[in-house]
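# Examining the three-dimensional arrangement
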Amino acid sequence: MTATYRFLQRAALAAATLLTPALLAQPPCTVLFDDFEDGVLDPRFGITAGCPTGTETGGRLELALAPGCATNLSYYPDPNQIRICGDFDARIDFDLVSFPATTGNAARWASFGVNIGGQNSVVERVVRDVPYSCAPYINYYKLWSGSSDDCTSTSIATDDTTGRMRITREGTTLRMFFWDETIPGWLLAHTSVVGTDDAIAFFYTNRCCGAESDLQVIALDNLRIGPLLPDADGDEIADPNDNCPYAANPDQADSDGDGVGDICDMFDGVAPFDVADLVFDVVPLQSPADPACGILGHVISSTDPVSAEGYVVGASCSWPSASAIRWDADGVPTYLAQVPGHSTPIANGVNDSGAAVGRVLDGGGRPVRWNATGQATVIGGAFLGAAAISDTGWIVGQLQASSMHRWTPGGALHQLGTFGGEGGISESVADINDYGVAVGSTRTVNGNRAIRWWTSGVYEELPPPAGVPGGFLVVGTDGINNHAEACGSWSPSPGNPTPIRWAADGTPTTLPLPPGADPVQGGVPVGIDDYGLIAGHARGPLLGALWDRGNNVHLLGSLLDPNSGATGVGEVFGIDSNDEYIRIVATVYFAGTNATCLLTAAVPTTCPGDSDGDGTVDLTDLANVLADFGTPDGDSAGDVDGDGDVDLTDLAIVLAHFGANC
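This structure is a prediction, so every number in the text was calculated from the model and none was measured. (Residues numbered from 1 in each chain as written. Predicted model: local features only at pLDDT ≥ 70, side-chain atom pairs only at ≥ 80, totals over all residues. Heavy atoms only, no water.)

### Concerning the overall build of the chain
This is how it is decided: Helix numbering and strand numbering both begin at the N terminus, where a helix is a DSSP run of H or I of at least 4 residues and a strand a DSSP run of E of at least 2. For every residue, the accessible area obtained with a 1.4 Å probe (protein chains only) is divided by the maximum for its type, and the residue is called buried under 20%, exposed over 50%, and partly exposed between those limits. Shrake-Rupley sampling with a 1.4 Å probe provides the accessible areas, and residues are treated as covered by the protein chains on show and by no other component.
The helix and strand tally for the chain stands at three helices and 45 strands. Taken over 662 residues, the chain has a buried fraction of 55%. Of the roughly 25100 Å² of accessible surface on the chain, a fraction of 53% belongs to carbon and sulfur atoms.

Structural data, given as structure tokens:
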């Protein structure tokens with residue numbers, strides 16, 4: 001810490017010295033790229049004098065602290081020649097060439113930062129020999145602004161010896177990222193407020209408090225400083241050029257050639273189906289006998305309790321004696337393992353492998369993950385719990401009432417940004433998709449908001465529909481699918497929530513209530529699948545509903561197998577689907593009783609591009625598309641994707657599947 005403080009003093013003094021009257025004749029704003037290939041240090045940069053050395057070698061800049069050299073090594077631009085102004089995006093690659101083990105509570109840093117108005121903001125790769133009390137890691141990223149104190153900095157555990165660092169400014173918001181190769185993409189880890197002064201970028205290596213008898217080397221490459229371009233998913237493809245701007249896809253794969261990336265394509269060439277043709281089998285979830293409850297029964301959570309493979313999670317009963325339960329597609333229950341040292345576990349979310357997440361209710365709560373065999377692991381500190389887990393292993397959860405977090409598939413935990421600067425009162429997270437895009441809601445003194453966090457961690461408000469007054473209660477942003485569509489509820493009061501669908505671009509659409517619903521009590525969507533189907537219910541009376549991609553509403557009770565003996569569907573808890581099944585968990589009414597049930601419908605067999613339904617994609621189908629091309633909002637044979645328009649998407653589907661026999 002002492003060495004870092006010495007550097008900060010020198011950096012601040014250097015900045016104060018350099019940013020003096022000489023800047024009255026300012027150079028133009030700089031766009032800078034240096035791949036360090038020419039073997040010559042940029043003369044516009046200065047390097048610390050003395051025993052440290054900086055050389056360009058092998059196409060990289062190497063900063064070295066020789067044995068016995070106690071001085072930090074910094075490299076910074078002359079602001080009389082390099083001026084970073086306005087919004088900017090600054091990034092650099094790093095390689096810890098030689099960071100030997102330290103002793104005696106020592107640490108090493110490899111750092112990239114900016115100085116704005118005398119305030120340093122830094123992304124560091126830190127190596128220690130023992131954990132610091134407020135940063136309980138030996139290897140980690142440390143991100144801070146203004147103060148380098150470990151207790152106020154953001155720390156992210158990592159074993160990366162090579163990686164990337166990034167800092168952006170947008171207005172007065174400074175964001176700091178690190179690159180996560182498992183996505184791959186940038187992950188936001190720290191946000192701060194800065195001024196609009198011109199910035200100085202710098203990078204350095206340092207060590208503190210231990211033996212100095214070894215060589216320490218960091219290699220840097222691909223320094224980029226330029227204008228900030230929007231990149232919501234953090235995959236380095238700017239939004240205007242990204243064929244899937246809301247889910248990281250650096251390969252830009254587009255199998256059907258329709259201009260929409262594969263991971264964003266709602267059907268990816270698969271023809272839509274008519275929801276009215278679905279028939280749901282009904283399987284009651286068996287009630288486990290639990291002596292701790294004293295009753296036969298169970299509780300299903302209302303976050304993300306069902307998977308496309310038919311797993312359902314919940315608890316055997318409520319506080320104070322709950323046990324976490326997972327049911328299979330036949331409705332057979334299995335107790336998930338108790339959490340060592342804790343009691344009262346409840347499972348909230350499950351994925352297709354059967355891995356589940358939830359919380360324990362004792363001792364302030366802890367987030368818990370159960371693997372596919374049901375073994376439990378506590379995955380964080382005093383949390384309200386984990387709400388959902390995606391098929392790829394992303395997890396989203398909540399700390400106390402005003403702090404939301406996300407775990408990457410690799411297990412790294414970082415805090416999601418919120419509107420806390422507006423006086424956050426309470427917040428909640430609801431769901432997360434396979435690409436790490438999450439949704440939730442927050443209440444602040446300036447109103448209530450629905451929030452969507454992109455893969456990078458940058459967040460946005462999902463707006464209310466037209467005509468809904470401000471200052472309303474967010475009943476919930478309850479679900480998100482792999483195409484970044486979301487669903488939830490808005491309400492001017494707790495009594496009459498309005499069900500809403502948000503498109504990937506954030507456009508809200510008010511969903512109709514099912515027939516027989518009381519408009520005063522409203523309706524609540526609870527989840528959305530990859531076909532764009534939204535499951536939920538009216539609140540008075542309780543009527544299970546399914547909204548299709550065209551926002552038409554269907555009573556779930558009318559879609560049940562007529563031989564099931566069911567008379568209707570009440571409260572709905574969740575929905576998920578894959579290319580074979582659509583699964584819904586809900587309360588089903590039978591004559592004189594009701595039960596929590598798993599509803600399963602087979603996805604109708606489709607033949608992408610087969611406009612005439614003869615089982616072959618041929619010249620007739622191509623002729624139908626060409627004959628109807630440009631027809632809007634009609635029921636045309638050439639409308640193979642069912643969106644109401646015959647356009648390039650329909651042509652691309654036919655061409656992509658031409659010659660197929662279905």
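### What to know about the side chain of Lys-142
Selection rule: Here a polar contact is taken to be a pair of N or O atoms separated by no more than 3.5 Å, where protein atoms must pair a possible hydrogen donor with a possible acceptor and residues adjacent in sequence count only if both atoms sit in side chains.
Assignment of secondary structure puts Lys-142 in strand S9 (residues 139–145). By relative accessible area, which is 1% here, Lys-142 ends up buried. A polar atom in the side chain of Lys-142 sits 3.2 Å from the side chain of Asp-150.

### A short note on the environment of Cys-487
Relative to the assigned elements, Cys-487 resides in strand S36 (residues 486–491). Here Cys-487 falls in the buried class, since its relative accessible area comes to 0%.

### Digging into the packing of helix H2 (residues 619–628) against helix H3 (residues 648–656)
Counted only if it meets this: Axis lines are fitted through C-alpha atoms, for helices just across the contact stretch, and the angle between N-to-C directions can take any value from 0 to 180 degrees. Put simply, angles under 35 degrees are roughly parallel, angles over 145 are roughly antiparallel, angles from 65 to 115 are roughly perpendicular, and the rest are oblique. We call two residues contacting when some pair of their heavy atoms lies within 4.5 Å. As a working rule, the residues Ala, Val, Leu, Ile, Met, Phe, Trp, Tyr, Cys and Pro are called nonpolar, Asp, Glu, Lys and Arg charged, and the rest polar, with Gly in that last group.
Packing of H2 against H3 leaves a shortest axis separation of 10 Å and a crossing angle of 170°. Taken together, the axes of H2 and H3 are roughly antiparallel relative to one another. Across the interface between the two elements, Asp-621, Leu-622, Val-625 and Leu-626 of H2 pack against Asp-650, Leu-651, Val-654 and Leu-655 of H3. Class assignment for the residues of the contact of H2 with H3 results in six nonpolar, no polar and two charged.

### Comments concerning unusual backbone geometry
The amide bond that connects Ile-183 to the next residue, Pro-184, takes the cis arrangement and shows omega of -15°. Inspection of the secondary structure puts Pro-184 in the loop between strand S12 (173–180) and strand S13 (185–193). A cis amide bond, omega -15°, links Gly-540 with the succeeding residue Pro-541. Here Pro-541 lies in the loop between strand S40 (534–539) and strand S41 (542–547). The phi dihedral of Asn-551 falls on the positive side, at around 70°, and the residue is not glycine. Along the chain, Asn-551 falls in the loop between S41 and strand S42 (553–555). Taking the relative accessible area as the measure of exposure, Asn-551 reaches 18% and is therefore buried.

### A look at the sheet that holds S42
What holds strands together in a sheet is hydrogen bonding between their backbones, with the strands either parallel or antiparallel. Test applied: Here the rule is simple: two strands pair whenever DSSP picks up at least two bridges between them.
Spatial strand order, S39-S40-S41-S42: four strands in an open sheet with antiparallel pairing. In the strand order of this sheet, the two ends are held by strand S39 (523–528) and S42, each with one partner. Each strand of the sheet is rotated relative to its neighbour by a mean of 30°, with strand direction disregarded. Note that S41 and S42 share three bridges and pair antiparallel. Paired with Leu-546 across the bridge in S42 is His-554.

### Description of the sheet that holds strand S30 (residues 413–416)
Strand order across the open sheet formed by four strands is S27-S28-S29-S30, with antiparallel pairing between neighbours. Where the open sheet ends on each side, the last strands, each with one partner, are strand S27 (385–389) and S30. When the angles between neighbouring strand axes are averaged without regard to direction, this sheet yields 30°. Pairing of S27 with strand S28 (residues 395–399) involves four bridges; the strand directions are antiparallel.

### Overview of H3
Those residues of H3 that fall on the buried side of the exposure criterion are Asp-650, Leu-651, Ala-652, Ile-653 and Val-654. In this structure, the buried side of H3 is in contact with H2. For H3, the capping residue at the N-terminal end is Asp-647, with a side-chain oxygen 3.2 Å from the backbone nitrogen of Thr-649.

### Comments concerning the state of the cysteines
Threshold: Note on terminology: pairs of cysteine sulfur atoms within 2.5 Å are recorded as disulfides.
Under the definition given, this model contains two disulfides. There is a disulfide in this structure between Cys-134 and Cys-151, and the S-S distance comes to 2.0 Å. Because the torsion about its S-S bond is 65°, the bridge between Cys-134 and Cys-151 counts as right-handed. Residue Cys-134 is found in the loop between strand S8 (119–128) and S9, and its partner Cys-151 is found in the loop between S9 and strand S10 (154–157); the two are separated by 17 residues along the sequence. With a relative accessible area of 42%, Cys-151 lands in the partly exposed category.

### Observations regarding the pairing of strand S4 (residues 60–65)
With five bridges connecting them, strand S3 (residues 53–57) and S4 associate as antiparallel partners. Residue pairing in the sheet places Glu-56 in a bridge with Leu-61 of S4. A loop of two residues connects S3 with S4, the two strands running antiparallel in sequence, and Gly-58 in this loop sits at a positive phi of about 60°. Strand direction decides the pairing type here: S4 and strand S15 (residues 216–226), joined by five bridges, are antiparallel. The residue bridging Glu-62 from the neighbouring strand is Ala-219, located in S15.

### Things to note about the pattern of salt bridges
It is possible for side chains of opposite charge to pair when their charged atoms get near one another. Put simply, the test is: Any Lys or Arg side-chain nitrogen found within 4 Å of a carboxyl oxygen on Asp or Glu counts as a salt bridge.
Here the structure, examined in full by the defined rule, presents 12 salt bridges. Asp-95 serves as the salt-bridge partner of Arg-60, at 2.6 Å between the closest nitrogen and oxygen. Taken as a pair, Arg-60 in strand S4 and Asp-95 in strand S6 (residues 88–98) lie far apart in primary sequence, 35 residues in all. For Arg-60, a relative accessible area of 25% translates into the label partly exposed. Asp-89 serves as the salt-bridge partner of Arg-91, at 2.6 Å between the closest nitrogen and oxygen. Residues Arg-91 and Asp-89 agree in their burial class; the two are buried. What you see here is one network of salt bridges that share partners, running through Asp-89, Arg-91, Asp-93, Arg-164, Arg-166 and Glu-236.

### Re the confidence of the model for the chain
Put simply, the rule reads: Every residue is assigned a pLDDT by the predictor, reflecting its confidence on a scale from 0 to 100.
Averaged over all residues, the pLDDT of the chain equals 83, while 86% of them reach at least 70. The lowest-confidence element of the chain is helix H1 (residues 2–18), averaging 32 in pLDDT; the highest-confidence one is S42, averaging 97. Confidence over residues 1–24 falls short of pLDDT 50; this stretch has 38 contacts with residues more than four positions distant or in other chains.

### Observations regarding the nonpolar core
Spelled out, the test is: In this text, buried Ala, Val, Leu, Ile, Met, Phe, Trp, Tyr and Cys residues form a nonpolar core when linked through side-chain atoms within 4.5 Å.
In this structure, Phe-88, Phe-112, Ile-167, Phe-203, Leu-220, Leu-223 and Val-396 are the most contacted members of the largest nonpolar core, which totals 55 residues. The biggest single contributor to this core is S6, with five residues. In contact with Phe-112, not counting residues within four places along its chain, are Ala-90, Arg-91, Ile-92, Ser-121, Val-122, Val-123, Met-165, Ile-167, Phe-202, Phe-203 and Leu-223. Counting residues in hydrophobic clusters, the runner-up holds 26 residues, among them Leu-278, Phe-280, Val-569 and Cys-597.

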